[in-house]
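Chain residues, written in single-letter form:
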Amino acid sequence: MDKNITIQGIPVFYRDLGTGAVIVILHGWGSRANNWRAVQNDLAERGFRAIVPDMPGFGETPPPSEPWDIYQYTEFVYEFIQSLGLQDFTLVGHSFGGRIAIIYGAKHGENVSTLILCDAAGVVRRHTVRTRMFLITTKIGNVIFAVPPLHFLKPIVRNLWYKFTLERDYYKTDGVMRETFKKVINENLRKYVRHITLPTLILWGENDRATPLADAYIIQKEVADSRLHVFPERGHAINLEVPHEMAQTMAEFIAQHKNNNLKSQMANLKTESQI
């Protein structure tokens, strides 16, 4: 169940549970494999093999030696999958993991059977201006609250500011991962969404504030073979809010895709026999 493998010189922790059709799950920023335990257990009980790695810099996997961009994370996932010898698998990406899954699906889709994007980030470049203003304002605030009489107010004001701007992920990072966050968040991935030809399931929380539901409709419009499922009154962390409903929806989508493939193969055989 709990395993380790070295990829690009990084000791990677991952959870590997169940047998059957393979599902690889990429977690979001600030998350880890254990946060997908309920979904993973449910999928394993349904006859799937679910694999969830701790991405570099999260959980039990140490960060890279230098700041990475989203393309380096994508190549890391590619090497991870190649090292495990996986073929014809379903790729799932949530939030930050959705960024990786979008690029992977567009560039390395030959070995992916189905793609599942969950509250995926990077579709709209709304974060660029907001993040720049956030960084500038933060620097100004650091100068102001460096004055001794105001220093004790810094933690209080800082937490309120992070909550207001929704940039708590930035606050939680430091060093290499803070620089990585800056690189990752500024990339607009809509150009890759347009090149996804895989059967794609889009899962979204209706009340997601980090990646609004409008982003899901953009993906649905851009990806020809796609289906959208919205979880009513749920937010961004649908893997924690509705893990069993999420696993059920994923399993039904994968089964439907396999049935469609089987019907197509049978139709082709019938056509060939009549020639």
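Below is a summary of the structure that appears in this document. (Residues numbered from 1 in each chain as written. Predicted model: local features only at pLDDT ≥ 70, side-chain atom pairs only at ≥ 80, totals over all residues. Heavy atoms only, no water.)

1. Side note on unusual backbone geometry
Phi at Q8 takes a positive value of approximately 55 degrees, unusual for a residue other than glycine. Looking at the element boundaries, Q8 is found in the loop between β1 (2-7) and β2 (10-17). By relative accessible area, Q8 is classed as partly exposed at 40%. Phi at D119 takes a positive value of approximately 45 degrees, unusual for a residue other than glycine. (Helix = DSSP H or I, 4+ residues; strand = E, 2+ residues; numbered from the N terminus. Buried < 20%, exposed > 50% of the residue type's maximum accessible area, 1.4 Å probe, protein only.)

2. Quick look at the sheet that holds strand β3 (residues 21-26)
Within the open sheet, the eight strands sit side by side as β1-β2-β4-β3-β5-β6-β7-β8. Their pairing is mixed. What marks the edges here is a single partner per strand, and that holds for β1 and β8 (226-231). Adjacent strand axes in the sheet meet at a mean angle of 20 degrees, parallel and antiparallel pairs treated alike. Sheet topology note: the β3/strand β4 (residues 48-53) ladder contains four bridges and is parallel. Bridged to A21 within β4 is F48. Of the strands in this sheet, β3, β5 (89-94) and β6 (112-118) touch helix α3 (residues 96-107), which is tilted by about 140 degrees from β5. Along the sheet face, helix α9 (residues 213-222) touches β6, β7 (200-205) and β8 and points at about 170 degrees away from the line of β7. (Pairing = 2+ DSSP bridges. Axes fitted to C-alpha atoms, helices over the stretch in contact; angles between N-to-C directions. Contact = heavy atoms within 4.5 Å.)

3. Side note on the pattern of salt bridges
This structure, assessed with the given rule, holds seven salt bridges. With its nearest N and O atoms 3.6 Å apart, the salt bridge here joins K3 to D16. Taken together, the residues span a long stretch of sequence, with K3 in strand β1 and D16 in strand β2 at a distance of 13 residues. The class for D16 is buried, based on a relative accessible area of 9%. (Salt bridge = Lys/Arg side-chain N within 4 Å of Asp/Glu carboxyl O.)

4. Overview of the packing of helix α2 (residues 70-83) against α3
Each pair of packed helices can be described by the angle between their axes along with the distance between the axes. Two numbers describe how α2 lies on α3: the axes approach to 9 Å, and their chain directions differ by 75 degrees. Here α2 lies roughly perpendicular to α3, going by the angle between them. Between α2 and α3, the contacting residues are I70, Y71, Y73, T74, V77, Y78 and I81 on the first element and F96, R99, I100, I103 and Y104 on the second. Here the residues of the contact of α2 with α3 sort into 10 nonpolar, one polar and one charged. (Parallel < 35°, antiparallel > 145°, perpendicular 65-115°, else oblique. Nonpolar A, V, L, I, M, F, W, Y, C, P; charged D, E, K, R; others polar.)

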